[in-house]
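This is what each chain is made of:
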Amino acid sequence: RGRKLGTSAPGAPLADGRPRGSFPSVARVSRTRRTGKSALPTRRCFSGRGDDAKRRSDRTNAQPYAGSWCVVLENMAETLTLLRQGQDSSFSLPAGTLVEFSGYVRSELEPKARAALRLVAFDETYAKTGAPLAEVASLPGTGASGWVRRAAKLVLPEGVGYFMPYLQLGGGKGRAFFDSLELK
């Protein structure tokens with residue numbers, strides 16, 4: 001019973017006129033909706049540093065895996081591009097909990113570039129120490145590939161305060177597409 005991230009959802013449009021479940025500018029943080037069925041919040045988008053001369057992130061309707069669109073990260077230079085969710089500490093579960101972040105990744109990358117899903121666990125003092133407690137990444141997508149399911153699994157360590165799922169593209173130039181993202 002996972003919670004879907006970054007997928008289209010039916011319903012009335014949001015207050016700013018975007019369709020419910022749409023992917024706004026990656027620099028904006030989305031609203032959280034909690035249900036009584038899961039400790040995990042449902043989110044409508046990821047957020048990141050935003051676009052610059054080296055990177056771009058957006059949503060596209062070019063060959064999504066499912067639904068009408070997917071997320072795309074593009075590196076125009078060798079750089080690391082990360083889109084994350086949960087920077088407001090909203091993903092919090094007890095130590096010892098197994099968390100799985102999964103989804104489908106399609107890539108159009110030069111040979112040394114890598115696209116992956118990543119989970120990172122932090123304690124409450126992360127802002128002071130700058131070091132995560134634990135992190136794990138899925139097997140990376142490389143080169144040109146069709147849609148492949150990827151997953152990162154992490155048992156939350158003692159002292160965990162919160163965790164964040166990331167979309168990651170680094171090591172070279174190219175584009176990576178992410179769809180049907182889910183936390184379990």
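Basis of the calculations
- Residues numbered from 1 in each chain as written.
- Predicted model: local features only at pLDDT ≥ 70, side-chain atom pairs only at ≥ 80, totals over all residues.
- Heavy atoms only, no water.
- Helix = DSSP H or I, 4+ residues; strand = E, 2+ residues; numbered from the N terminus.
- Buried < 20%, exposed > 50% of the residue type's maximum accessible area, 1.4 Å probe, protein only.
- Contact = heavy atoms within 4.5 Å.
- Areas by Shrake-Rupley, 256 points an atom, 1.4 Å probe, with all protein chains shown as cover.
- Core = buried A, V, L, I, M, F, W, Y, C linked by side-chain atoms within 4.5 Å.
- Polar contact = N/O pair within 3.5 Å; in protein donor to acceptor, adjacent residues only side chain to side chain.
- Pairing = 2+ DSSP bridges.
- Phe/Tyr/Trp six-rings, centres within 6.5 Å; stacked < 30°, edge-to-face > 60°.
- Lys NZ or Arg CZ within 6 Å of the ring centre and 35° of its normal.
- Lys, Arg positive; Asp, Glu negative; His and termini not counted.
- Salt bridge = Lys/Arg side-chain N within 4 Å of Asp/Glu carboxyl O.

K.L.:
Hey, could you run me through the overall build of the protein chain in this one?
P.N.:
Each helix and strand counted, the protein chain has 1 helix and 13 strands in total. Reading the secondary structure of the protein chain in the N-to-C direction produces β-β-β-β-β-β-β-β-β-α-β-β-β-β. Taking all 184 residues of the protein chain together, the buried fraction comes to 46%. Considering only residue pairs separated by 6 or more positions, the protein chain has 72% of its internal contacts joining residues 24 or more positions apart. In the structure as shown, the protein chain presents an accessible area of about 8900 Å², 51% of it carried by carbon and sulfur atoms.

K.L.:
Before we go on, may I ask you to explain the nonpolar core in this structure?
P.N.:
Counting residues in each nonpolar core, the largest one holds 26 residues, and the members touching the most others are L156, F163, L167 and F178. Among the secondary structure elements, those contributing two or more residues to this core are strand 6 (70–75), strand 8 (98–109), strand 9 (114–122), strand 12 (162–170) and strand 13 (174–183).

K.L.:
What am I meant to see in the side chain of T79 here?
P.N.:
Assignment of secondary structure puts T79 in the loop between strand 6 and strand 7 (81–84). In this structure the side chain of T79 is engaged in a polar contact, spanning 2.7 Å, whose partner is the side chain of R55. Those residues in contact with T79 that sit more than four places away from it in its chain are K54, R55, L169, G170 and G171.

K.L.:
Would you take a moment to explain the pairing of strand 7 for this structure?
P.N.:
On a regular strand, one side chain projects to one face of the sheet and the next to the other, so that they alternate. Burial of the side chains of strand 7 is restricted to one face: T81 and L83 are buried, whereas none of L82 and R84 on the reverse face is. The pairing of strand 7 with strand 12 spans 4 bridges and is antiparallel. When the sheet's bridge partners are listed, L83 is paired in strand 12 with L167.

K.L.:
I'm lost on the packing of aromatic side chains in this one. Help?
P.N.:
A ring pair, where both rings are aromatic, is described by two values, the distance of the centres and the angle of the planes. Taken as a whole and judged by the stated rule, the model has 4 aromatic pairs. Ring centres 3.8 Å apart and planes at 10° place the aromatic pair Y65 and Y104 in the stacked group. Remark: Y104 occurs in strand 8 and Y65 occurs in the loop between strand 5 (55–60) and strand 6; sequence separation between them is 39 residues. Judged by relative accessible area, which is 38%, Y65 ranks as partly exposed. The exposure class of Y104 is partly exposed, given its relative accessible area of 21%. Here the aromatic residues Y65, Y104 and W147 are joined through ring pairs into a cluster of three or more. Geometry around W69 places R59 over its ring, the cationic atom sitting 4.8 Å from the centre. Here R106 stacks its cationic end above the ring of F177, 3.8 Å away from the centre of that ring.

K.L.:
Is there a simple way to think about the side chain of D179 in this case?
P.N.:
Tracing the backbone shows D179 in strand 13. R106 provides the closest opposite charge to the buried, unpaired D179, separated from it by 8.3 Å. Among the polar contacts made by the side chain of D179, one reaches the main-chain amide nitrogen of Y65 at a distance of 2.8 Å. From its side chain, D179 meets the backbone nitrogen of A66 in a polar contact 3.0 Å long. When neighbours within four sequence positions are excluded, D179 is seen to be in contact with P64, Y65, A66, W69, C70, G103, Y104 and W147.

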